[in-house]
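Given next are the chains, with one letter for each unit.
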Amino acid sequence: MKINYKEIFLLVIIIMCYSCEKQKSINYFDNTEHITESELFFTDKKAILGRVFNIDVYDSLVILQHNLDEYAFSFIHSVNGELLAKWGSKGHGPNEYVQILGDFDVYKGKLVFLDNTKHINFVPIAEVIHQQTNFNIDREPYPYIADFRPMRIVLMNDSIKIALGGFEKGRFGIFSSHRILNCPYDYPFNYKEIQGIYRGSVFQSRMKTNQLENRFVLSMLSSDIFEIYQLTDTTVERIFISPYKHIPTIWKKGNRYTINYARSVAGITGMAVTENYICFTYSSQSYEEAVQSSLYSNEILFYDWNGNKVKKVILPFSIGRFCLDDNYIYGLRTEGEETCIYRFKMN
C-alpha cells in the first residue's frame, strides 16, 4: 500500500488546529471533576420568595435577593438551612425602600446595595440576623451626571469604588467620594454604531470583587469575555482578558441598537467568586436558545485570579444562579412552584 505523506501531513495539521481551537475555548479544560451527590438545602415551600435573582454566601450565611415578596432579602444559615431573617421591606417608612437597584454585595459585615435615590446603603448584617428593629443604616450619595451614570457599584476599599453603567469614556467608572477618576480602559471590541453612555446599556456586564487581592472581575453578557483588574492605590490595571471568540451581535430596532439574541452566543450566563477562584456557568447555544432552559447549566468553570484555568466541575443536574464557599456550591432551581437551593459538596 502506498503511503500518501501529503494526506497524513494535512491530517496532522487539521488535528493540531482543532486542538488549538479547543484550547482557546473558554469551556475547554484538561481537568474535569464530577460531583454525583446533591442535597436539598432549602425550599421556599413554607415562605415563598418569588424570583430569586441574586445569591451569595458570607460567613455562615447564604443571602438571597428576590422579588414578589414583602421583603427584598432572606438570610439562611449555611450549615442547617434555617431561614434566620427576612429584611428590606417595601415602602416609604424608616428603613423601607421604594426600589432597590441591581445586585448586592457584602463589605466589612454590611449588606451593600443601591436605591432609587442615588445612594449606596450599608446595612449591618448582624443586627438584621438578630432581628433588631432600631439600628442605623449608613447612606452615602454617589455621583450621577449626564456622562457618568452608575447602575452597579462595588467597593474596593473604604475610598475607591468601581461602577458599571453608562459612561461617556471608559469601560467602567471609578470614583472616590464624589471625585470621578479617569478610567484608562475601553471595551475590548468596538461598534461605531454605539458610542458614549449608550454602550453600557447595550453591552451589559457583571462584576465581582476579591477584596483580599484588591482585584475585580468583569464578565460581559452574550459573550465569552471576562476581564480581571488590579487596584493599586487609585490606579487600575487590567491584568487579564480572556482570549474570546464571541462578541455580542447587534441590530437596529426602531431608532436604537440592541443585542440580537438569536445571533449572539449565550456565553457566560452566571458568575461567582471566592478568594481563590472565579467561577462561571457557560452556554455555547445562542442566547435565544439557552433562555428556553432558563440559562441553566450543570457545568461550572473554575479560573484563578490570574485568569488561569483550574478545573471544570460537572454537577449531577443543571442550576441557575449560584455561589460557593470553600466547601460547597449552592445552586438555585425552580421546581414547579417552589424555589429550591441545592448544595454540592466539593472534592
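Shown above is the structure to which this text applies.
The rules behind each value
Residues numbered from 1 in each chain as written. Predicted model: local features only at pLDDT ≥ 70, side-chain atom pairs only at ≥ 80, totals over all residues. Heavy atoms only, no water. Helix = DSSP H or I, 4+ residues; strand = E, 2+ residues; numbered from the N terminus. Rg over C-alpha atoms; globule rule 2.2 N^0.38 Å. Contact = heavy atoms within 4.5 Å. Areas by Shrake-Rupley, 256 points an atom, 1.4 Å probe, with all protein chains shown as cover. Pairing = 2+ DSSP bridges. Axes fitted to C-alpha atoms, helices over the stretch in contact; angles between N-to-C directions. Core = buried A, V, L, I, M, F, W, Y, C linked by side-chain atoms within 4.5 Å. Buried < 20%, exposed > 50% of the residue type's maximum accessible area, 1.4 Å probe, protein only. Salt bridge = Lys/Arg side-chain N within 4 Å of Asp/Glu carboxyl O.

**Remarks on the overall build of the protein chain**
Reasoning step 1: Looking only at helices and strands, the protein chain features 4 helices and 27 strands.
Reasoning step 2: Relative to its length of 347 residues, the protein chain is compact, with a C-alpha radius of gyration of 22 Å against a globular reference of 20 Å.
Reasoning step 3: Its C-alpha atoms put the protein chain at 90 × 50 × 45 Å along the principal axes.
Reasoning step 4: Counting contacts in the protein chain only where the partners sit at least 6 residues apart, residues at least 24 apart contribute 46% of the total.
Reasoning step 5: For the protein chain, the accessible area works out to roughly 17900 Å², and carbon and sulfur atoms hold 49% of it.

**Examining the sheet that holds strand 9 (residues 119-124)**
Reasoning step 1: Sheet architecture is open: 4 strands sit in the order 7-8-9-10, paired in antiparallel fashion. Because the sheet does not close on itself, it has two edges, and the strands there are strand 7 (100-107) and strand 10 (138-141). Neighbour-to-neighbour, the strand axes of the sheet open up by a mean angle of 20°, direction not taken into account.
Reasoning step 2: Sheet analysis places strand 8 (residues 110-115) next to strand 9, joined by 5 bridges and oriented antiparallel. Its bridge partner being in strand 9, phenylalanine 113 is matched across the sheet by asparagine 121.

**So, the nonpolar core**
Reasoning step 1: Counting residues in each nonpolar core, the largest one holds 19 residues, and the members touching the most others are Ile63, Phe73, Phe75, Trp87, Leu111, Phe113 and Val123.
Reasoning step 2: Counting only elements with at least two residues in this core, the list comes to strand 4 (61-66), strand 5 (71-77), strand 6 (83-89), strand 7, strand 8 and helix 2 (125-129).
Reasoning step 3: The residues touching isoleucine 63, leaving out its near neighbours within four places in the chain, are Asn54, Ile55, Asp56, Tyr58, Ser74, Phe75, Phe104, Val106, Leu111 and Ile125.

**Looking at the pattern of salt bridges**
Reasoning step 1: Overall, the coordinates contain 13 salt bridges when judged by the stated rule.
Reasoning step 2: The salt bridge partner of lysine 312 is glutamate 299, with a shortest N-O separation of 3.6 Å. Pair noted here: lysine 312 is in strand 24 (residues 309-319) and glutamate 299 is in strand 23 (residues 297-303), with a separation of 13 residues, a long-range link.
Reasoning step 3: Taken together, the shared-partner salt bridges in this structure form one network comprising Arg171, Glu227 and Arg238.

**Looking at unusual backbone geometry**
Reasoning step 1: One non-glycine residue, aspartate 59, adopts positive backbone phi at about 55°.
Reasoning step 2: Relative to the helices and strands, aspartate 59 is located in the loop between strand 3 (52-58) and strand 4.
Reasoning step 3: You will see that asparagine 214, though not glycine, has its phi angle at about 55°, which is positive.
Reasoning step 4: Structurally, the position occupied by asparagine 214 is in the loop between strand 15 (205-210) and strand 16 (215-220).

**Re the sheet that holds strand 4**
Reasoning step 1: Reading across the sheet, the 4 strands line up as 3-4-5-6 and stay open at both edges, with antiparallel pairing between neighbours. The open sheet terminates on both sides in strands that have one partner only, identified here as strand 3 and strand 6. The average undirected angle you get between the axes of adjacent strands in this sheet is 20°.
Reasoning step 2: Two elements, strand 5 and strand 6, share 5 bridges in a ladder whose sense is antiparallel. Opposite phenylalanine 73, over in strand 6, you have tryptophan 87 as the bridge partner.

**Things to note about the pairing of strand 27 (residues 338-345)**
Reasoning step 1: With 6 of 8 residues buried, strand 27 lies mostly within the body of the structure.
Reasoning step 2: For strand 26 (residues 328-335) and strand 27, the ladder comprises 8 bridges, and the chain directions are antiparallel. Within the sheet, the bridge partner assigned to tyrosine 330 lies in strand 27 and is arginine 343.
Reasoning step 3: Counting the residues between successive antiparallel strands, the hairpin from strand 26 to strand 27 contains 2 residues, one of them, glycine 336, with a positive phi of roughly 65°.

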